[in-house]
Amino acid sequence: MSLLDPNPSTRTSLVVRIRNPRDDQAWSEFVALYEPIIFRMAKRRGIQDADAREIVQEVLMSVISAIDRFDVTASGSFRGWLSRITRNATIDRLRKATAARERIGDNATLQQLEQLAVSENGGKASLEEEFEQDRRQQLFRWAAVEVRRRTGEINWIAFWKTSVEGASIADVAIELGVSEGAIYIARCRVLKRIRQLVLDREAE
């Protein structure tokens, strides 16, 4: 399927595709999109890097084992389900650490667990809202990586320097040895592809 699919709603949902153990591309896309989100959510709750990476693996294994039972037609989003799995894995990790540290008189993890419970119940944003915000940011990063991989390096540099770094079209045209019109076209095309890829994924 082309990157600029005019009918994104016809794409098979990634949630459905990862149920197929032979669809390696679907799983690769899923991991690229959601692994950083799960890791950041764990880290944000005071989990150390090594433990956060273990939480990521636990969550991914939970998805593999339970995805066949997830009803894509039911009320409640997949992202909400995934965020709850992440939260539960984080709490389980903290509880295990608390039990171990209580034996040596260290209550730091217990306090951390209590703070987590308070923040989840009384925070300004719900867990799912936090997950959704992270997901949108990661979706853009993922789409940008995908588009960069599929487009020429000059086109990407033209887009990045003018759209992200704020360099002028004239300066970038001189740097790359192309016309200002070529820079403008390249920037528009790359941005359009990123937006389309994001829309395609959102439509799922």
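Residues numbered from 1 in each chain as written. Predicted model: local features only at pLDDT ≥ 70, side-chain atom pairs only at ≥ 80, totals over all residues. Heavy atoms only, no water.

Q: I keep staring at the overall build of the protein chain and nothing clicks. Help me out?
A: Regarding its fold elements, the protein chain presents nine helices and zero strands. Seen in sequence order, the protein chain has helices and strands lined up from the N terminus as α-α-α-α-α-α-α-α-α. Taken over 204 residues, the protein chain has a buried fraction of 39%. A separation threshold of at least 6 residues defines the contact pool for the protein chain, and within that pool the share at least 24 residues apart is 65%. Of the roughly 11,900 Å² of accessible surface on the protein chain, 51% is carried by carbon and sulfur atoms. (Helix = DSSP H or I, 4+ residues; strand = E, 2+ residues; numbered from the N terminus. Buried < 20%, exposed > 50% of the residue type's maximum accessible area, 1.4 Å probe, protein only. Contact = heavy atoms within 4.5 Å. Areas by Shrake-Rupley, 256 points an atom, 1.4 Å probe, with all protein chains shown as cover.)

Q: How should the side chain of Q138 be read in this particular structure?
A: Here Q138 is to be found in helix α6 (residues 127-150). In this structure Q138 comes out as buried when scored by relative accessible area, which is 7%. A distance of 3.5 Å separates polar atoms of two side chains, one belonging to Q138 and the other to R40. Ignoring anything within four residues of it in the chain, the contact list for Q138 reads A32, L33, P36, I37 and R40. (Polar contact = N/O pair within 3.5 Å; in protein donor to acceptor, adjacent residues only side chain to side chain.)

Q: Can you walk me through the packing of aromatic side chains in this structure?
A: What characterises a pair of aromatic rings is the spacing of the ring centres plus the angle enclosed by the ring planes. For the structure on display, the rule yields seven aromatic pairs. Aromatic pair F30 and F78: ring centres 5.9 Å apart, planes at 65 degrees, arrangement edge-to-face. Here F30 is found in helix α2 (residues 24-44), whereas its partner F78 is found in helix α4 (residues 78-102), with 48 residues between them in sequence. On the accessibility criterion, F78 (9% relative accessible area) is buried. (Phe/Tyr/Trp six-rings, centres within 6.5 Å; stacked < 30°, edge-to-face > 60°.)

Q: Before we go on, may I ask you to explain the nonpolar core in this structure?
A: As a rule of thumb, soluble globular proteins bury nonpolar side chains together. In this structure, F30, Y34, I67, F78, W81, L82 and I194 are the most contacted members of the largest nonpolar core, which totals 41 residues. Ranked by residues supplied to this core, first place goes to α2 with ten residues. If sequence neighbours within four positions are ignored, L82 has contacts with F30, Y34, V59, V63 and F131. (Core = buried A, V, L, I, M, F, W, Y, C linked by side-chain atoms within 4.5 Å.)

Q: Whenever I open this one, helix α3 (residues 49-66) confuses me. Can you help?
A: Residues three or four positions apart in an α-helix share a direction because the helix packs 3.6 residues into each turn. For α3, built from 18 residues, the straight-helix expectation of 26 Å at 1.5 Å per residue is met to within 8% by its first-to-last C-alpha distance of 26 Å. Restricting attention to buried positions, one finds in α3 the residues A52, I55, V56, V59, L60, V63 and A66. In an axial view of α3, the angular spread of the buried residues amounts to 145 degrees, which keeps them on one side of the axis. For α3, exposure combined with an orientation more than 90 degrees from the buried face picks out A50 and M61. (Expected span 1.5 Å × (residues − 1). Arc of directions from axis to C-beta.)

Q: Sorry if this is basic, but what is going on with the confidence of the model for the protein chain here?
A: Where the model shows low pLDDT, its predicted coordinates should not be examined in detail. Summarising the model, the protein chain shows a mean pLDDT of 77, and 75% of its residues fall at 70 or more. Looking over the protein chain, one finds the lowest element-wise mean pLDDT in helix α5 (residues 108-122), namely 50, and the highest in helix α8 (residues 169-176), namely 92. Contacts of residues 1-11 to residues separated by more than four positions or lying in other chains number 22 contacts, the stretch itself having pLDDT below 50. (pLDDT = per-residue confidence, 0-100.)

Q: Looking at this structure, how should I read the environment of W27?
A: With respect to the element layout, W27 can be found in helix α2. Classification of W27 as partly exposed rests on a relative accessible area of 26%. With 13 residues separating them along the chain, W27 and L14 place their C-alpha atoms 8.4 Å apart. Ignoring sequence-local partners within four residues, the contact set of W27 consists of I18, L60, V63 and I64.

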